[in-house]
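Residues per chain are reported as follows:
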Amino acid sequence: MNENNSYNLISKIIHWVSALLILGLIFIGFYMDDLEGAQKYKMYDIHKSFGVLLLGLVCVRILWNAIKGKPKTLISYKKWEKILSHISHMFMYLAMIALPLSGWAISSTGGHAVKFFGIKLPALLEKNKELHEIFEELHEFLAIALLFVVGLHILGAFKHHFIDKDITLKRMTAKSLGLVGGIIVLLLAIVAYVPAGGYVAKEVVFDDLYDDDDHKDEHNENKHEDDDH
Ligand code: HEM
Ligand code: HEM
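Since we're looking at a predicted model, the values are computed, not measured.

**A word on the overall build of the protein**
- In terms of helices and strands, the protein carries 6 helices and 2 strands.
- Along the chain direction, N to C, the helices and strands of the protein fall in the order α-α-α-β-β-α-α-α.
- Across the 229 residues of the protein, 17% fall into the buried class.
- Relative to all contacts within the protein whose residues are 6 or more apart in sequence, the contacts with residues 24 or more apart total 72%.

**A word on the site of ligand 1**
- Inspection of the region around ligand 1 gives 22 residues, with Ala19, Met92, Ala157, Met172 and Ala189 positioned closest.
- Mapped by element, the contributors of at least two residues to the shell around ligand 1 are α1 (9–31), α3 (79–109), α4 (129–163) and α5 (179–210).
- Of the residues that constitute the shell around ligand 1, the class distribution is 13 nonpolar, 7 polar and 2 charged.

**Points about the packing of α3 against α4**
- One can describe the packing of α3 onto α4 by two numbers: an axis separation of 8 Å at closest approach and a directional angle of 150 degrees. When the axes of α3 and α4 are compared, the pair comes out roughly antiparallel. In this structure, α3 meets α4 at a crossing whose hand is left-handed.
- For the contact of α3 with α4, the per-class residue count stands at 15 nonpolar, 9 polar and 1 charged.

**As for the site of ligand 2**
- Surrounding ligand 2, one finds 25 residues, the nearest of these being Gly29, Gly51, Gly103, Glu140 and Ala143.
- Those elements giving two or more residues to the shell around ligand 2 turn out to be α1, α2 (37–68), α3 and α4.
- For the shell around ligand 2, the per-class residue count stands at 13 nonpolar, 7 polar and 5 charged.

**Thoughts on the confidence of the model for the protein**
- With 88% of its residues at a pLDDT of 70 or more, the protein shows a mean pLDDT of 90.
- Mean pLDDT values for the elements of the protein range from 41 in helix α6 (residues 213–226) up to 98 in α3.
- Taken as a whole, residues 212–228 scores under 50 in pLDDT and shows 4 contacts with residues more than four places along the chain or in a different chain.

**Examining unusual backbone geometry**
- Phi at Phe117 takes a positive value of approximately 45 degrees, unusual for a residue other than glycine.
- Mapped onto the elements of the fold, Phe117 is located in the loop between β1 (114–116) and β2 (119–121).
- What makes Phe117 exposed here is the crowd of 11 C-beta atoms within 10 Å.
- Phi is positive for Lys165, which is not a glycine, with a value near 55 degrees.
- Considering the arrangement of structural elements, one finds Lys165 in the loop between α4 and α5.

Rules and cut-offs
Residues numbered from 1 in each chain as written. Chains lettered and ligands numbered in written order. Predicted model: local features only at pLDDT ≥ 70, side-chain atom pairs only at ≥ 80, totals over all residues. Helix = DSSP H or I, 4+ residues; strand = E, 2+ residues; numbered from the N terminus. Buried ≥ 20, exposed ≤ 12 C-beta atoms within 10 Å, placed from the backbone. Contact = placed C-beta atoms within 7 Å. Near = placed C-beta within 6 Å. Nonpolar A, V, L, I, M, F, W, Y, C, P; charged D, E, K, R; others polar. Axes fitted to C-alpha atoms, helices over the stretch in contact; angles between N-to-C directions. Parallel < 35°, antiparallel > 145°, perpendicular 65-115°, else oblique. Left-handed = near helix turned anticlockwise from the far one by under 90°. pLDDT = per-residue confidence, 0-100.

Shown next, in the form of structure tokens:
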């Protein structure tokens, strides 16, 4: 077990690198859909490579947790805070595994290769149009759900730092993190979250508001013609 009630350096590094990767991948995932031609395919390759990298990183993280243990939930947490933090952490781990696997499955069932920074990886499944569409829906749903949960997670972290004034944020950053440090981390979190959050709001909320059924059909047809990666 982890006796010290703080995350160790490796856990902290993996947490912050994964956080940036996830938010970047959600942004690129939606952004690449709006690109054309060679630029679009290049962005798909970048998305897939970093997505596979995240899958590797989450495997290392789970192994590392199993070997080194994790700090216990703070005893000062109320019952609902304990439950909410456990559920959200579990969901985030699940999504960090299911998102890359469903993405990989989109490519395989669409008959497209997945390369990890140029190295061709084996297909997960056979080409299959029905499954391809199911995995596309699943991938998009998981990304939006994860973004929502991460939003709550970030709000929770800053509530604990600025309102409850406990060590939640300190143990994932530095013991000496005070008010100014907290504000800097808050600004960095906003800068990292806004591109992905803004894109999802634009795509999901605003585009759906004015898209009538005809537009949707047109969009889906185009999607299948050029995006089957
Ligand atoms: C960018 C702003 C973020 C902030 C400020 C933040 C903050 C924190 C803090 C303070 C903890 C420690 C909680 C505790 O003591 O129990 C934590 C844990 C965790 N965070 Fe984040 N986080 C951020 C982004 C993310 C993202 C994008 C993910 C990815 C899905 C994520 C996944 C997790 C997970 C899974 C844990 C639990 C760690 C474990 O027990 O293994 N976080 N985060
Ligand atoms: C945690 C990792 C990942 C995240 C957060 C993520 C996120 C996203 C998002 C938000 C989209 C846009 C969804 C839409 O427009 O409907 C997307 C699309 C896509 N992703 Fe990922 N992705 C991840 C990993 C992967 C991996 C590892 C692969 C492949 C190896 C992949 C392949 C794809 C493909 C092919 C699309 C386009 C789907 C379509 O045209 O509808 N993704 N991803």
